Amino acid sequence: MNENQMAIEMTGVDKWFGTFHVLKQIDLSVKRGDRIVICGPSGSGKSTLIRCINRLEEHQQGRIVVNGIELNHDLKRIDEVRAEVGMVFQSFNLFPHLSILENCTLAPIWVRKLPKAQAHELAMKYLERVQIADQAHKFPGQLSGGQQQRVAIARALCMNPKIMLFDEPTSSLDPEMIKEVLDVMIALASDGMTMLCVTHEMGFARTVADRVIFMDAGQIVEENEPEAFFNRPQHPRTKEFLSQILSH
Amino acid sequence: MSFVRETYLLETPPPGISVGVLGWLRNNLFSSIGNTLLSLLGLYILWVTVPPLIEWALLDAVWQGSGRDACMVENAGACWAFVAAKFGQFMYGRYTFEERWRVDLVFVVGALTVGLLMIERMPWRRYLVAFGLLIYPVLAYVLLTGGQFGLPAVETSLWGGLLLTFVVASVGIVVSLPLGILLALGRRSKMPVMRVLSVIYIEAWRGVPLITVLFMASVMLPLFLPPGTNFDKLLRVLIGVTLFSAAYMAEVVRGGLQAIARGQYEAASALGLGFWRANLLIILPQALRLVIPGIVNTFIGLFKDTTLVMIVGLFDFLGSIQVNFSDANWATPQTAASGYAFAALIFWIICFSMSRYSMRLESRLNEGTRRA
């Protein structure tokens, strides 16, 4: 496989929190344009896995190569990786002291060194795209959860990332707001963005994902195309998990 | 049983609250027997204390006169004539008389800068801040010390009064805040050396009284320095006061840093912002905003602590007043009381202004933002 087509390459990654072995021998390769959904019970290490990709968590063994850059103790290179990898958090993490527009222009101005006017234009383009441009001058605290999460997606997109990581983006939203966020994510996926989503939205996984990964106890238990994953799960733990979440 | 709403209910105003002066009095002062008793007690205390105070400070006060005789009349109140006669000393200490316009100029320019900065949405605000932080200190230094541009030099040993208080307090305030921020960041650093050094610094300075620091700076320090090196006593005191208050500031700022959710650091990192940018753009603006009351509290404490420089032989505002109590020409029973009352009034006005300004700043910065 051509190295350039590889977005993320994880080989034999291990991580411990203290003595707790949270990631065990993770092997994962993600091609450009891949859309991957990661699911699993809480505490299975799925969030930790994607947080290792932009080094919000540090892995202790194995190799992680993102966009051709290996993650190690070279801090400069890590900031390079982070500039190319957008992340959306469960709790939005917008900057409450900045307006919606400023939230979006901050990184383009300070990391990409874009002129103010250009950053502004870029931000408005993406705010338009997540359909929230009319709120650009409000502050995060004045928006609903769904709106905040859409802003968070726009903020990440303003850096023109090559990869987007979603860490349970809809888990803290009201049912009525989940759809508006998922719609934005689906639109993003159809534009060919490389995406890794930790989510329990199985409808989203069915429509969007190229692959679904099931994690349990810090390891990848099953990995398959969505159709096969949902209709013919192999591992008993996967079957149990799916029956739990699909039974309602 | 089933129910289907046909029309939505409209919003209605809350039930009427009794208004007017009488309504307010009844609700707040005389709502119950206990409350009525407390209100009456409060009124009685005011009745006992306020009229004599007014009598002493205003009605029976002596406003004019050139010596103690003016204030030695029967039943005399405050001797404001003493304050008026010594006013120059209270403001400038022993600063050369002909050069006092330089101090006035520094005061006026400083007051003007601060005053203009308080006007929100001033078009030139950015330049004004730059002027206040970069040019003004140099200007003040050149004007106050002299020795350049044809200005006669005025030794710092002659400085005194409110001038000295302001110099010590403003240098302490302006320098200790950034220093405190660095120490607070250091104390939360992941690098053990930075952390240990910051902790040692903070705990060492917080563990000693300011008086000890001032004594060290003015009496002990010269003993350790090679003989012949002799740097300005005021400068030594300034350094002592600044390093001392930086330790307090560091802990206040650290409190603010601790209140910022981890997600904010993570979001900043995930966008590719490095340590300094994340702190300057994301973390500190939020953290400092949270601890404005604590910061201003430290500022006010520092401002009043400047009176301690008296014990190393510098005459600040309070010191200049006290020195004049021993002037035989003004020895009256009311001299000391009047002097202290004047000192208290000036200190109170300045500290109260700082407190009001901080409240305004808080409410302005919180507009719209803190509702998440």
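Residues numbered from 1 in each chain as written. Chains lettered and ligands numbered in written order. Predicted model: local features only at pLDDT ≥ 70, side-chain atom pairs only at ≥ 80, totals over all residues. Heavy atoms only, no water.

A. Structural detail: the pairing of strand S1 (residues 6-17) of chain A. Residue and element names in this part refer to chain A. Relative to strand S2 (residues 20-31), S1 runs antiparallel, the two being bridged by eight bridges. Considered in S2, the bridge of Trp-16 is made with His-21. Once S1 ends, the chain turns through two residues before running back antiparallel as S2, passing Gly-18 with a positive phi of about 60 degrees. As paired strands, S1 and strand S4 (residues 61-66) are joined by five bridges and run antiparallel to one another. What sits directly across from Asp-14, in S4, is Gln-61. (Pairing = 2+ DSSP bridges. Helix = DSSP H or I, 4+ residues; strand = E, 2+ residues; numbered from the N terminus.)

B. Inspection of helix H9 (residues 236-246) of chain A at higher detail. Residue and element names in this part refer to chain A. Among all positions of H9, only Thr-238, Phe-241 and Leu-242 are buried. What you see down the axis of H9 is that its buried residues fit within an arc of 95 degrees, all on one side. Buried positions along H9 lie against strand S3 (35-39), strand S9 (211-216), strand S10 (219-224) and helix H8 (226-231). (Buried < 20%, exposed > 50% of the residue type's maximum accessible area, 1.4 Å probe, protein only. Arc of directions from axis to C-beta. Contact = heavy atoms within 4.5 Å.)

C. Representation of the nonpolar core in the model. Counting residues in hydrophobic clusters, the biggest one holds 119 residues, and the most contacted among them are Met10(A), Ile38(A), Leu196(A), Trp159(B), Ile282(B) and Phe317(B). Beyond its immediate stretch of four places on either side in the chain, Ile282(B) contacts Phe95(A), His97(A), Leu98(A), Leu106(A), Gln264(B), Ala268(B), Leu273(B) and Arg277(B). Core analysis: the next-biggest nonpolar cluster, separate from the first, contains 49 residues, Leu143(A), Ile153(A), Leu182(A) and Phe230(A) among them. (Core = buried A, V, L, I, M, F, W, Y, C linked by side-chain atoms within 4.5 Å.)

D. Spotlight on the packing of aromatic side chains. Residues and elements named next belong to chain B. Considering all chains together, one arrives at 21 aromatic pairs over all chains under this definition. Taking the centre distance of 6.3 Å and the plane angle of 50 degrees together, the rings of Tyr-95 and Trp-159 count as tilted. Remark: Trp-159 occurs in the loop between helix H7 (125-145) and helix H8 (161-187) and Tyr-95 occurs in the loop between helix H5 (87-92) and helix H6 (100-118); sequence separation between them is 64 residues. Comparing Tyr-95 with Trp-159, the two get one shared label, buried. Aromatic ring contacts, followed pair by pair, group Phe-82, Phe-87, Phe-90, Phe-107, Phe-166, Phe-303, Phe-317, Phe-325, Trp-330, Tyr-340, Phe-342 and Phe-347 into a single cluster. (Phe/Tyr/Trp six-rings, centres within 6.5 Å; stacked < 30°, edge-to-face > 60°.)

That's the geometry; what it means functionally is another story.
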